[in-house]
Amino acid sequence: MMKKTLLFISFLVALTASAGQHYTVVVSLDGFRWDYPQWYDTPFFDQMAAEGVESGLIPSFPSKTFPNHYTLATGLYPDHHGIIANNFLDPASGRTYKLSDPSTKLDPTFYGGEPIWVTAQKNGLRAVSFFWAGSDVKIGGMYPWRYFSYDDDPRLTNDQCVNGIIDMLLLPESERPHLIMAYFDQPDHDGHTYGPQDKHTRQAVLMMDSLMHRLYDGIRALPIGQEVNLIILSDHGMTTLDEDRVVDLSKVLKKEWLIAADGDVPANLNVKPTCVDSVCDALAGIEHIQYWRKADIPSYLHFGTHPRVGEVVVLPDLGWVVEDKLSKYGTHGFDPNFNDMHALFRAVGPDFAHVKRPHFRNIDVYPLLCHLLGITPAPCDGNFEEISDMLK
């Protein structure tokens, strides 16, 4: 009888705790540089800075979209969760992970770590995702309570996503998710196509500022509007490219030396064991690149221990790419220490203080979300204590 009573009390405590938690909405705007609000007219992001937290995120290496979105979700460096690039060879299985290939993109064996929606649902909270990387994969044996895939045809429009977030917060309290995550592909798309300082990218930034203002106003108009934390962030920044800043590695690397080669910033080279010296010798002396044997990758990049990292990694200088010809005018993937790679971070809501603080590592977002949700994080690389000053 005593055991049943204790279990019932524990259940009530847990139920009361979850019922008392505030709601959290996390929105990612792909490729939104931390300083776009300094370059362009963004009244809403300026309002968020005036009301809440103004900061920026230091991405993880490589500063690419899928690795960093999954880092934001798990608090693990790409080298630790295994999504080390948007495309890569997995030597253990011999398969090549590609975002364009559903058989690999949706295979949970590629995904390490525990994303926040899994952690939340293990603790009895509901989570919803609109397009977040990895949320359409059955990781840890579960999906978010509701999720929408970026590959859906037709895909939800930006306005439909905003309306969907509001609709989720209008659900009855017993069904209402405590965590909602959403991804938008702008201004990354135009930043790549035209460059970060082009008028088209400026227009994309203004469009997202207006869209996020509509989301904010919609949340505040809800009966529970004052109970919702809103975080708007990005995965990485963007830098300008030029047709004169291209290094063509195909001119110095022989195909018979390589098993696979993926990426332009950085290039991940899977090299035949007997050819590593040949590859390094060929790369020596080439201007505008750095290259490392896997064991020699600088420790501050937190990269190089995962089996999926190639035997040689080539990183071009900021604003350069390693490919045969230029097909875009902006990109990312570079050393996260470059300010051009830093990403936006704004937060307002009942749990956030009004503070302007230094940029912080994006691995700390996962433990921040766990703190807001009142749950214990899974093992991760992040540290909530490093950013606790942003909360009341």
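Residues numbered from 1 in each chain as written. Predicted model: local features only at pLDDT ≥ 70, side-chain atom pairs only at ≥ 80, totals over all residues. Heavy atoms only, no water.

## Quick look at the overall build of the protein
Here comes step 1: Counting secondary structure elements, the protein contains 12 helices and 19 strands.
Here comes step 2: Taking 21 Å as the expected radius of gyration for a compact globule of 392 residues, we find that the protein reaches 22 Å, a close match to that expectation.
Here comes step 3: Principal axes of the C-alpha set define a box for the protein whose edges measure 70 × 55 × 40 Å.
Here comes step 4: Buried positions account for 56% of the 392 residues belonging to the protein.
Here comes step 5: Treating the 32 positive side-chain charges of the protein as one cloud and the 50 negative ones as another, the clouds have centres 5 Å apart. (Helix = DSSP H or I, 4+ residues; strand = E, 2+ residues; numbered from the N terminus. Rg over C-alpha atoms; globule rule 2.2 N^0.38 Å. Buried < 20%, exposed > 50% of the residue type's maximum accessible area, 1.4 Å probe, protein only. Lys, Arg positive; Asp, Glu negative; His and termini not counted. Charge placed at Lys NZ, Arg CZ, Asp CG, Glu CD.)

## Considering the packing of helix α3 (residues 43-51) against helix α10 (residues 199-220)
Here comes step 1: One way to put it is that α3 packs onto α10 with a least axis distance of 7 Å and a crossing angle of 55°. Of the possible angle classes, the one that applies to α3 and α10 is oblique. Taking contact as the criterion, the partners of Pro43, Phe44, Phe45, Gln47 and Glu51 in α3 are, on α10, Met208, Asp209, Met212, His213 and Tyr216.
Here comes step 2: Among the residues forming the contact of α3 with α10, the class breakdown is 6 nonpolar, 2 polar and 2 charged. (Axes fitted to C-alpha atoms, helices over the stretch in contact; angles between N-to-C directions. Parallel < 35°, antiparallel > 145°, perpendicular 65-115°, else oblique. Contact = heavy atoms within 4.5 Å. Nonpolar A, V, L, I, M, F, W, Y, C, P; charged D, E, K, R; others polar.)

## As for the pairing of strand β3 (residues 87-90)
Here comes step 1: Relative to strand β4 (residues 95-98), β3 is paired through 4 bridges, and the arrangement is antiparallel. Within β4, the residue paired with Asn87 across the bridge is Lys98.
Here comes step 2: Count of turn residues in the β3/β4 antiparallel hairpin: 4 residues, of which Gly94 carries a positive phi of about 80°. (Pairing = 2+ DSSP bridges.)

## Concerning the side chain of Asp262
Here comes step 1: Position of Asp262 relative to the elements: it lies in strand β11 (residues 258-262).
Here comes step 2: We note that Asp262 is buried and unpaired, the nearest opposite charge coming from Lys98 at a distance of 6.9 Å.
Here comes step 3: Non-local contacts of Asp262, meaning those with residues more than four positions away in its chain, are made with Asn87, Phe88, Leu89, Ala267 and Asn268. (Salt bridge = Lys/Arg side-chain N within 4 Å of Asp/Glu carboxyl O.)

## Topic: the packing of aromatic side chains
Here comes step 1: Following the criterion strictly, the structure yields 18 aromatic pairs and no others.
Here comes step 2: On the basis of an interplanar angle of 85° and a centroid distance of 6.0 Å, the ring pair of Trp39 and Tyr40 is categorised as edge-to-face.
Here comes step 3: Judged by its relative accessible area of 32%, Trp39 is partly exposed.
Here comes step 4: Both rings, one in Phe345 and one in Phe360, keep their centres 5.0 Å apart while their planes meet at 75°; by these two values the pair is edge-to-face. Residue Phe345 is found in strand β17 (residues 343-348), and its partner Phe360 is found in strand β19 (residues 360-361); the two are separated by 15 residues along the sequence. (Phe/Tyr/Trp six-rings, centres within 6.5 Å; stacked < 30°, edge-to-face > 60°.)

## Examining the nonpolar core
Here comes step 1: Judged by nonpolar contacts, the single largest core of 39 residues is most densely connected at Val27, Phe184, Met212, Leu230 and Ile232.
Here comes step 2: Contributing elements (two or more residues each) for this core: β1 (23-29), α3, β5 (127-130), α8 (158-169), β7 (179-184), α10, β8 (228-233) and β17.
Here comes step 3: For this core, the element with the highest residue contribution is α10, accounting for 7 residues.
Here comes step 4: Grouped together as the second largest cluster of nonpolar side chains are 35 residues, Ile116, Leu368, Leu373 and Ile375 included. (Core = buried A, V, L, I, M, F, W, Y, C linked by side-chain atoms within 4.5 Å.)

## Regarding helix α12 (residues 365-373)
Here comes step 1: Of all 9 residues making up α12, 8 are buried, and the element is well covered by its neighbours.
Here comes step 2: Among all positions of α12, only Val365, Tyr366, Pro367, Leu368, Leu369, Cys370, Leu372 and Leu373 are buried.
Here comes step 3: Positive phi appears at Gly374, one or two residues downstream of α12, with a value of about 70°.

## Some remarks on the environment of Val276
Here comes step 1: Mapped onto the elements, Val276 comes out in helix α11 (residues 276-283).
Here comes step 2: The class of Val276 is buried, set by a relative accessible area of 13%.
Here comes step 3: Spatially, the C-alpha atoms of Val276 and Trp257 are 7.8 Å apart, while their sequence positions differ by 19 residues.
Here comes step 4: Contacts of Val276, omitting those with residues within four sequence positions, involve Val271, Arg293, Glu311 and Val312.

## Comments concerning the packing of α8 against α10
Here comes step 1: It is the contact of α8 with α10, at a shortest axis distance of 10 Å, that shows an interaxial angle of 20°. Relative to α10, α8 is oriented roughly parallel. Read as a crossing pair, α8 and α10 show a hand that is right-handed. Here α8 contributes Asn158, Asp159, Val162, Asn163, Ile165, Ile166 and Leu169 to the contact with α10, which in turn contributes Met207, Met208, Leu211, Arg214, Leu215, Gly218 and Ile219.
Here comes step 2: Split by residue class, the contact of α8 with α10 holds 9 nonpolar, 3 polar and 2 charged. (Left-handed = near helix turned anticlockwise from the far one by under 90°.)

## Concerning unusual backbone geometry
Here comes step 1: The omega torsion of the bond from Asp153 to Pro154 falls at 5°, within 30 degrees of zero and hence cis.
Here comes step 2: Its location among the elements puts Pro154 in the loop between β6 (146-148) and α8.
Here comes step 3: A positive phi angle, close to 70°, is found at His288, a residue other than glycine.
Here comes step 4: Classification of His288 as partly exposed rests on a relative accessible area of 29%.

## Considering the sheet that holds strand β13 (residues 289-293)
Here comes step 1: Pairing is antiparallel across the open sheet formed by 4 strands, whose spatial order is β11-β12-β14-β13. Every other strand in the sheet has two partners, leaving β11 and β13 as the edge strands with one partner each. Taking the axes of each pair of neighbouring strands and ignoring which way they run, one obtains an average angle of 15° across the sheet.
Here comes step 2: Summarising the sheet, strand β12 (residues 267-271) and strand β14 (residues 312-316) pair through 3 bridges and their orientation is antiparallel. Residue pairing in the sheet places Leu269 in a bridge with Val312 of β14.
Here comes step 3: Against the sheet, α11 makes contact with β11, β12, β13 and β14, and its axis sits at roughly 160° relative to β13, the strand it touches most.

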